[in-house]
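# Residue-level structural notes
Residue strings, one per chain:
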Amino acid sequence: MRFKAVAAQFIVICATALGAFSVQAQDKPVQLVGLGDSLMAGYQLPPSDSYTAQLETALKAKGVNVSIANAGVSGDTSAGGLARAEWSVPDGTDGVILELGANDALRGIAPEETEKNLDAIISGFQKRKIPVLLIGIMAPPNMGGDFADRFNAIYPSLAQKHGLPLYPFFLDGVVLDQSLQLEDKMHPNTKGIAVMVEKSLPTVEDFINTIGAQKK
């Protein structure tokens, strides 16, 4: 009888421990990384005002348990992002918000080269089983119609090829409103970032839900 009592107590202890482990696993935040250029980094803004920081705050306010690391580097091109993609996104990352290409367009880099680099970045993450949310950029109008047509097609094409969720234009709602930009008329200010977060939030939430479904 005593053996049965001890065995029963042992089973209860194990069940309790497993239950605690299960709760801890559920409470673990979704680990995201924002890989991008100055638009992701928060050019000339305090770290707390960057896109990743404001996005994390907005998601947490909606009850989403998430942690978003900022791997944005001002001035970075798609080639620069490719060179650092592996070490900028550590193992254990649950998903990547990928935003690169703006500096390629400004420098007149051939859109085919930009697409090749982004394709390689995405393929690298997929080999590592890390989901990607692709953020689109649009070419500035001064680059001409032919360049814009070739460049703007990059993001929908890659999203379709790799089966990725796509947020079409990162600066939606900001690019034509100077009150939401820094003095350089190129980068968003704190209020501009807030607009970007508000507009992209539903897409990011859907992305996180997809990650959660994949992990079950």
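Use the structure listed above.
Residues numbered from 1 in each chain as written. Predicted model: local features only at pLDDT ≥ 70, side-chain atom pairs only at ≥ 80, totals over all residues. Heavy atoms only, no water.

### Thoughts on the packing of helix α7 (residues 145–152) against helix α8 (residues 154–162)
Remark: α7 packs on α8, axes separated minimally by 5 Å, with the N-to-C direction vectors making an angle of 20 degrees. For the element pair α7 / α8, the angle class is roughly parallel. Across the interface between the two elements, Arg 150, Phe 151 and Asn 152 from α7 touch Ile 154, Tyr 155 and Pro 156 from α8. Residue classes in the contact of α7 with α8 are distributed as four nonpolar, one polar and one charged. (Axes fitted to C-alpha atoms, helices over the stretch in contact; angles between N-to-C directions. Helix = DSSP H or I, 4+ residues; strand = E, 2+ residues; numbered from the N terminus. Parallel < 35°, antiparallel > 145°, perpendicular 65-115°, else oblique. Contact = heavy atoms within 4.5 Å. Nonpolar A, V, L, I, M, F, W, Y, C, P; charged D, E, K, R; others polar.)

### Some details on the environment of Pro 156
Summarising the element assignment, Pro 156 is placed in helix α8. Of the residues examined, Pro 156 reaches a relative accessible area of 42% and is grouped as partly exposed. In sequence terms Pro 156 and Leu 166 are 10 residues apart; their C-alpha atoms lie 7.3 Å from each other. (Buried < 20%, exposed > 50% of the residue type's maximum accessible area, 1.4 Å probe, protein only.)

### What about the pairing of strand β4 (residues 132–135)?
The two faces of β4 match: Val 132 and Leu 134 on one face and Leu 133 and Ile 135 on the other face are all buried. Pairing between strand β3 (residues 95–99) and β4: three bridges, direction parallel. Note on β4: the bridge partner recorded for Leu 98 is Leu 134. Direction of pairing for β4 relative to strand β5 (residues 166–167): parallel, over a ladder of two bridges. Looking across to β5, one finds that Leu 134 is bridged to Leu 166. (Pairing = 2+ DSSP bridges.)

### Concerning the nonpolar core
When a protein is soluble and globular, its nonpolar side chains tend to lie buried together. Membership of the largest hydrophobic core comes to 57 residues, with the highest contact counts inside it found for Leu 32, Tyr 51, Leu 55, Leu 59, Leu 98 and Phe 125. When residues no more than four places from it in sequence are discounted, the contact partners of Tyr 51 are Leu 39, Met 40, Phe 170, Ile 193, Met 196, Val 197, Ser 200 and Val 204. (Core = buried A, V, L, I, M, F, W, Y, C linked by side-chain atoms within 4.5 Å.)

### Section: unusual backbone geometry
At Gln 44, a position not held by glycine, the phi torsion is positive, near 65 degrees. Looking at the element boundaries, Gln 44 is found in the loop between α2 (38–41) and α3 (51–61). The exposed category is assigned to Gln 44, whose relative accessible area is 59%. With a phi angle near 65 degrees, Lys 129 is a residue other than glycine that sits in the positive phi range. Relative to the helices and strands, Lys 129 resides in the loop between α6 (111–127) and β4. Note on Lys 129: relative accessible area 71%, which makes it exposed.

### Structural notes on helix α4 (residues 78–88)
Those residues of α4 that sit buried are Ser 78, Gly 81, Arg 84, Ala 85 and Ser 88. An end-on view of α4 places all buried positions within 150 degrees of arc, on one side of the element. With respect to the buried face of α4, the exposed residues turned more than 90 degrees away are Ala 83, Glu 86 and Trp 87. (Arc of directions from axis to C-beta.)

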